[in-house]
Amino acid sequence: MSLYDDAVQVLKGFEGRDEQQSALRDVYLEHLATHPDGVYKPCQAGHVTGSALVIDPAGGRVLLTLHKKLGMWLQMGGHCEPGDSTLAGAALREAVEESGIASGLSLLPGGPVRLDRHPIPAPCNWHLDVQYAALAPAGAVAEISEESLDLRWFRYEEVAAAADTSVVRLLEATLARL
């Protein structure tokens with residue numbers, strides 16, 4: 001199965017918690033139906049990305065990265081690469097690369113937690129982010145990557161003051177699933 005086929009299958013199986021998430025799923029599926037290259041960065045109409053909120057339930061904390069280009073605290077994530085065979089694999093790969101947690105990360109069962117579509121500078125226009133949650137082992141130690149300005153654990157209650165609403169919604173959806 002190709003990454004494109006996996007993305008379509010994952011999105012068809014995604015059940016949004018509300019009408020907005022279900023409508024967004026339909027936008028993603030329409031995008032992929034129109035753009036067979038829509039899972040990769042060169043697709044100028046926008047492209048699917050995979051991200052994961054790294055969460056340590058035992059410690060009541062999440063790991064956020066200070067994005068180098070955007071200067072915002074965000075979850076780990078990024079572009080799908082030719083070697084990725086699944087969206088879940090792309091999200092987990094990004095979480096491992098950006099968190100520096102080399103072993104013990106695992107995706108929260110049940111597939112994506114939520115979807116988030118956000119504009120990006122031309123020529124690509126949109127990121128169609130498929131958001132997962134990655135469970136970190138208790139006491140996991142993170143190591144900053146070259147993609148980040150900083151990397152920091154935040155207690156659940158600190159996230160709203162540090163990150164934008166998309167990250168807060170991702171945390172809320174993750175906690176609801178735990």
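About the criteria used
- Residues numbered from 1 in each chain as written.
- Predicted model: local features only at pLDDT ≥ 70, side-chain atom pairs only at ≥ 80, totals over all residues.
- Heavy atoms only, no water.
- Buried < 20%, exposed > 50% of the residue type's maximum accessible area, 1.4 Å probe, protein only.
- Helix = DSSP H or I, 4+ residues; strand = E, 2+ residues; numbered from the N terminus.
- Pairing = 2+ DSSP bridges.
- Polar contact = N/O pair within 3.5 Å; in protein donor to acceptor, adjacent residues only side chain to side chain.
- Contact = heavy atoms within 4.5 Å.
- Phe/Tyr/Trp six-rings, centres within 6.5 Å; stacked < 30°, edge-to-face > 60°.
- Lys NZ or Arg CZ within 6 Å of the ring centre and 35° of its normal.
- Salt bridge = Lys/Arg side-chain N within 4 Å of Asp/Glu carboxyl O.

Q: Requested: an account of the pairing of strand S7 (residues 126-135), with residues and values cited.
A: Moving residue by residue along a regular strand, the side chains alternate between the two faces of the sheet. Burial of S7 is extensive: eight of the ten residues sit out of reach of the surface. Where strand S1 (residues 47-56) and S7 come together, nine bridges link them in parallel fashion. If you follow His-47 over to S7, its bridge partner there is His-127. Bridging between strand S5 (residues 106-107) and S7 involves two bridges; their strand directions are antiparallel. Each bridged residue has a counterpart across the sheet, and for Leu-107 the counterpart in S7 is Ala-134. Strand direction decides the pairing type here: strand S6 (residues 114-119) and S7, joined by six bridges, are antiparallel. Its bridge partner being in S7, Pro-119 is matched across the sheet by Trp-126. Between S6 and S7, which pair antiparallel and follow one another directly, the connecting turn spans six residues, one of which, Asn-125, has a positive phi of 75°.

Q: Before we move on, can you summarise the side chain of Arg-93 with the specific residues and values?
A: Here Arg-93 shows up in helix H3 (residues 87-99). For Arg-93, a relative accessible area of 17% puts it in the buried group. Separated by 3.4 Å, the side chains of Arg-93 and Glu-81 make a polar contact. In terms of polar contacts, Arg-93 uses its side chain to reach the side chain of Asp-84, at 2.8 Å. Leave out the neighbours within four places in its chain, and Arg-93 touches His-79, Cys-80, Glu-81 and Asp-84.

Q: Give me the packing of aromatic side chains: which residues, what numbers.
A: Tallied over the full model, the rule gives one aromatic pair. Relative to Phe-154, the ring of Trp-73 has its centre 5.0 Å away and its plane inclined at 75°; by these criteria the two rings are edge-to-face. With Trp-73 in strand S3 (residues 73-74) and Phe-154 in strand S8 (residues 148-155), the pair connects residues that are 81 residues apart, well separated along the chain. Side by side, Trp-73 and Phe-154 carry an identical accessibility label, which is buried. One Lys or Arg, Arg-61, reaches over the ring of Trp-153 and ends 3.8 Å from the middle of that ring.

Q: Pulling in residues and values, what's your account of the pattern of salt bridges?
A: Oppositely charged side chains can pair when the atoms bearing their charge come close. One pass over the structure, following the stated rule, counts eight salt bridges. With a shortest N-O distance of 3.4 Å, Arg-93 and Glu-81 are connected by a salt bridge. Here Glu-81 lies in the loop between strand S4 (76-79) and H3 and Arg-93 lies in helix H3, a separation of twelve residues in the sequence. Judged by its relative accessible area of 36%, Glu-81 falls in the partly exposed class. Linking Asp-150 and Arg-152 is a salt bridge whose minimum nitrogen-to-oxygen distance equals 3.2 Å. For Arg-152, a relative accessible area of 39% corresponds to the partly exposed category. Through salt bridges with shared partners, one network takes in Glu-81, Asp-84, Arg-93, Glu-94 and Glu-97.

Purely spatial values, then, with no claim about function.
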